[in-house]
Amino acid sequence: MSKFQAATPDRLRQLRLEASAYFTPMMLHEALLRLSHACGGESLGRFEKAMVDQIEATQDDRSDFETIKEFAIEQLYALIREANESPKKKQSLEKIDTRRTPGRSEEPQTLEDQLQAGLEDSFPASDPPAVVSTAIPGGAKKLVGTDEVLERQREQAAREARQP
């Protein structure tokens with residue numbers, strides 16, 4: 001005979017309540033962590049609102065039911081807070097459109113040229129000149145700057161594009 005068959009209906013009801021009280025918070029915690037990892041804080045916020053609305057809308061004749069609902073909402077807030085604080089929580093993407101300057105080019109070469117022009121306009125104030133000395137007879141090697149490196153990269157890319 002199984003444990004369930006030997007138990008009375010009242011005992012089974014009590015065991016179900018105990019199982020719910022013990023394991024449901026654990027399961028909800030894990031589900032909320034997974035939701036935060038997969039979908040981020042916005043989904044947690046929507047879940048929280050829906051659950052609070054559902055809890056508040058629930059009716060029961062017990063005299064202490066409003067207190068039970070308050071405790072349930074308190075537990076929900078604590079679980080949501082833990083999920084929001086998870087280091088694995090998916091971070092929302094920045095809305096780039098709100099930061100873009102109207103009319104700004106999306107062409108990589110134009111953006112690169114604008115960056116170079118801005119860097120050249122700020123030079124040498126942003127970077128103090130480097131002092132290079134060498135103990136090797138014959139002097140120092142010619143230093144190659146960012147402009148030369150970028151120019152060489154562009155020339156290399158153009159050569160590669162021309163080759164079949």
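Predicted, not measured: the structure shown is a model, and the values here were computed from it.

**Q** Would you mind going over the overall build of the protein in detail, with residue names and values included?
**A** Scanning the protein for helices and strands turns up six helices and zero strands. For the protein, with 164 residues in total, the buried portion stands at 13%. The long-range share in the protein, meaning contacts at least 24 apart out of those at least 6 apart in sequence, stands at 63%. Summed over its atoms, the accessible surface of the protein is roughly 14000 Å², and 56% of this surface lies on carbon and sulfur atoms.

**Q** Before we move on, could you go through the side chain of K89 and cite the residues and values that matter?
**A** Mapped onto the secondary structure, K89 falls in the loop between α4 (65-84) and α5 (108-122). Within the buried core, K89 has no salt-bridge partner, and the shortest N-O distance to an opposite charge, that of E85, equals 9.4 Å. Here the side chain of K89 touches N84 through a polar contact of 3.3 Å, side chain to side chain. Filtering out sequence-adjacent residues up to four positions away, K89 remains in contact with S36, H37, G40, G41, A83 and N84.

Scoring rules and cut-offs
Residues numbered from 1 in each chain as written. Predicted model: local features only at pLDDT ≥ 70, side-chain atom pairs only at ≥ 80, totals over all residues. Heavy atoms only, no water. Helix = DSSP H or I, 4+ residues; strand = E, 2+ residues; numbered from the N terminus. Buried < 20%, exposed > 50% of the residue type's maximum accessible area, 1.4 Å probe, protein only. Contact = heavy atoms within 4.5 Å. Areas by Shrake-Rupley, 256 points an atom, 1.4 Å probe, with all protein chains shown as cover. Lys, Arg positive; Asp, Glu negative; His and termini not counted. Salt bridge = Lys/Arg side-chain N within 4 Å of Asp/Glu carboxyl O. Polar contact = N/O pair within 3.5 Å; in protein donor to acceptor, adjacent residues only side chain to side chain.

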